[in-house]
Amino acid sequence: MAWHQDYIAWKIADNIPGPRLINFVIFLDSVNEFNGSISLSPEQMRGLVERHSMYSPKGGVGTAVIFHPEIVHGAAANLSPYPRRVVIATYDEIHNKAAGSAPPRIPREPRHSAPDRPGAYMTMKTSRAVVLKDFRRPPALGTFDVPEPMTGGLTVTCRYGGICGTDLHLIAGHLDIPTPLVLGHEGLGTVDALGEGTERDINGDPIEVGDAVMWASSIACDRCHACQKLREPTLCENRRTYGVNRLSSAGSPLSGSWADVIALEPGTTVVKLPAGIDPIAAMSFACAGPTMIHALGERRPVRLGEIVAVQGSGPVGLAAAALAQLAGAEVIIVGGPPARLAAAKAAGIGDHHVEVVESGDVSGAIDVVLACTRGQGVDLVIECTGVPEAVDQGTRMARRGGSYLIVGQYTDSGNAWFNPHQIVYRQLDMVGSWAFTGTHLQEYIRMLPALTRRFDLPSLVTCWPLTQVGEALHQVGAGTVIKAVLAA
Ligand SMILES: [Zn+2]
Ligand SMILES: [Zn+2]
């Protein structure tokens, strides 16, 4: 994992059965040793650990923000000056676990504060959430009541909410979405409360309060032409997407993952996380993974022994490359800047890495790709840049009779010049792929053990606390991180 401390903590958590994993363990004022394998006293951590203001570690449970660039082992990509949010478990829990007592559970706040005297009223739990009010203005934190879960739905305590390139487009007003809106369409959390009739996840496994889950961002209507006739729910004309097109005034405003709690409606695909899955690893390709599983699983599968070029080295590009590698392909990543390619390489993603962003040397990059294939061109090019100009370059990397799979142009960034003769001359199959469904998320989670065995996915992730959403968005916009995740 990216942070050595995380790894240590996780090794402890490995022994905790089921999904009630402690995502992270750190020790503060009252604890000065840890697991026997690494010992960090409060003195050593002083200046490196900053408590989250709304929690008291003295109470034993809460969150903290850690800055510890000095305590990092492993690849250079692991070095990060950015904070990562952690969940604090009490020392007692760890200690008891080590002593062989009953497995600890993630401590949970009571759903309602209990009346402390006769006649006192129950107080509704509230949740912070990042709200987009006006386009081109920074989204801000608001507070909302946590509703009772709907029948067939559930409420989930968001542990992590991913930031996607799409979110920048949403904030910039590039998509026609209603505001105000709680943002965040990628998430992972623990079940807070189950609505009536909500008993199982999409795999048929029982879900209980405290279970770690992910959920699909979209719900198809099941009624429209695409859903019924074409059986293509990604093309649903009435698709509702958490964090994208839910109105704050309709239902619960808590419909995005950049929040302490999200209210999931009936029809949401919920997948329980298998034991032993690192949530940070799961978040690395939370959106990109299912998107590429749709694209590579159905739209244009990778075939045995193929050579694949991936244009783009953001999460979608790296997910494309990793999945193509798992499928047995030799993968050339054409992207940049160099630090990003180095991080991909360090994570084991991509067999060849061709820098094109900083150098701007497009024809040179095409030459390198062609050289990898003795001038023939690759069997499959996967476009994951979102830059219209990339399409012309991509057609020139493909071999005659090859395929061009376009995934990255999710938002309309305008027209681009390309030479249609290349499509005919090379007899290319041009294939588009749009978004993903709940079953693609289910498949992604099923593949996570294989993905994490082969690739260092957590090294791609940088976490910020919810309160630093502005900084996180800035870094995403600047391209200085690969995958940004907010931790509530
Ligand atoms: Zn996304
Ligand atoms: Zn539909």
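For the structure, see preceding data.
Residues numbered from 1 in each chain as written. Chains lettered and ligands numbered in written order. Predicted model: local features only at pLDDT ≥ 70, side-chain atom pairs only at ≥ 80, totals over all residues.

Looking at the overall build of the chain
No. 1: Scanning the chain for helices and strands turns up 14 helices and 21 strands.
No. 2: Within the chain, the fraction of its 488 residues that count as buried is 49%.
No. 3: Sequence separation of at least 24 residues holds for 67% of the intrachain contacts in the chain that already meet a minimum separation of 6. (Helix = DSSP H or I, 4+ residues; strand = E, 2+ residues; numbered from the N terminus. Buried ≥ 20, exposed ≤ 12 C-beta atoms within 10 Å, placed from the backbone. Contact = placed C-beta atoms within 7 Å.)

Points about the sheet that holds strand E18 (residues 398-406)
No. 1: If you walk across this open sheet you meet the six strands as E16-E15-E14-E17-E18-E19, and the pairing is parallel. Bordering the open sheet on either side are strand E16 (352-355) and strand E19 (429-432), each of which pairs with just one other strand. The mean inter-strand angle of the sheet, taken between neighbouring strand axes irrespective of direction, is 20°.
No. 2: When strand E15 (residues 330-335) meets E16, the two strands line up parallel, connected through four bridges. For Ile333, the partnering residue across the bridge sits in E16 and is His353. (Pairing = 2+ DSSP bridges. Axes fitted to C-alpha atoms, helices over the stretch in contact; angles between N-to-C directions.)

Considerations on the packing of helix H7 (residues 288-299) against helix H8 (residues 315-326)
No. 1: Running from N to C, H7 and H8 cross one another at 55°; their axes reach a closest spacing of 9 Å. The orientation of H7 with respect to H8, classified from their angle, is oblique. Here H7 runs over H8; the crossing is right-handed. The segment H7 lies against H8, with Ala288, Gly289, Thr291, Met292, Ile293 and Leu296 engaging Pro315, Val316, Ala319, Ala320, Leu323 and Ala324.
No. 2: Classifying every residue of the contact of H7 with H8 by side-chain character gives 10 nonpolar, two polar and no charged. (Parallel < 35°, antiparallel > 145°, perpendicular 65-115°, else oblique. Left-handed = near helix turned anticlockwise from the far one by under 90°. Nonpolar A, V, L, I, M, F, W, Y, C, P; charged D, E, K, R; others polar.)

Quick notes on the environment of Gly256
No. 1: By the element assignment, Gly256 lies in the loop between strand E11 (240-241) and strand E12 (261-264).
No. 2: In sequence terms Gly256 and Thr241 are 15 residues apart; their C-alpha atoms lie 8.9 Å from each other.

A few points about the packing of H7 against helix H13 (residues 438-454)
No. 1: Two elements in contact, H7 and H13, have axes whose closest approach is 8 Å; the angle formed by their N-to-C orientations is 100°. Judged by the angle between their axes, H7 and H13 are roughly perpendicular. Residues Gly289, Pro290, Ile293, His294 and Gly297 of H7 touch H13, and the partners they reach there are His440, Leu441, Glu443 and Tyr444.
No. 2: Taken together, the residues of the contact of H7 with H13 sort by class into four nonpolar, four polar and one charged.

A closer look at the sheet that holds strand E4 (residues 126-132)
No. 1: Strand order in the open sheet formed by three strands is E5-E4-E7, with antiparallel pairing between adjacent strands. A strand with exactly one partner marks an edge of an open sheet, and here the two such strands are strand E5 (140-145) and strand E7 (181-182).
No. 2: As paired elements, E4 and E7 share two bridges and run antiparallel to each other. Paired with Val131 across the two strands is Val182, which belongs to E7.

Focus on the nonpolar core
No. 1: Core analysis: the biggest nonpolar cluster contains 116 residues, and Val308 and Ala320 have the highest contact counts within it.
No. 2: Tallying contributions element by element places H8 first for this core, with eight residues.
No. 3: Two domains each put at least three residues into this core: domain 2 (126-273) and domain 3 (288-432).
No. 4: Not counting residues up to four positions away in its chain, the partners in contact with Val308 are Val302, Ala324, Ala329, Val331, Val378, Asp379, Leu380 and Ile382. (Core = buried A, V, L, I, M, F, W, Y, C linked by C-beta atoms within 7 Å. Domains from an automatic or database assignment.)

Considerations on helix H14 (residues 469-478)
No. 1: For H14, the complete set of buried residues consists of Val469, Ala472, Leu473 and Val476. The buried residues of H14 occupy one face: seen down the axis, they fall within an arc of 95°.
No. 2: For H14, the elements touching its buried residues are E4, strand E6 (154-163), helix H4 (165-172), strand E20 (461-465) and strand E21 (483-487). (Arc of directions from axis to C-beta.)

Considering the environment of Phe455
No. 1: By secondary structure assignment, the location of Phe455 is in the loop between H13 and E20.
No. 2: Separated by 106 residues in the primary sequence, Phe455 and Ile349 place their C-alpha atoms 6.6 Å from one another.
No. 3: Contact partners of Phe455, with chain neighbours within four places excluded, come to Ala322, Ala347, Gly348 and Ile349.

What to know about unusual backbone geometry
No. 1: The omega angle of the peptide bond from Thr179 to Pro180 is 0°, so this bond is cis rather than trans.
No. 2: By the secondary structure assignment, Pro180 is in the loop between H4 and E7.
No. 3: Along the chain, Gly336 connects to Pro337 via a cis peptide bond; the corresponding omega equals 0°.
No. 4: Tracing the backbone through its elements, the reader meets Pro337 in the loop between E15 and helix H9 (338-346).
No. 5: Residue Asp222 is not a glycine yet carries a positive backbone phi of 70°.
No. 6: With respect to the secondary-structure elements, Asp222 resides in the loop between strand E10 (218-219) and helix H5 (225-228).
No. 7: With 11 C-beta atoms counted inside 10 Å, the residue Asp222 sits in the exposed group.

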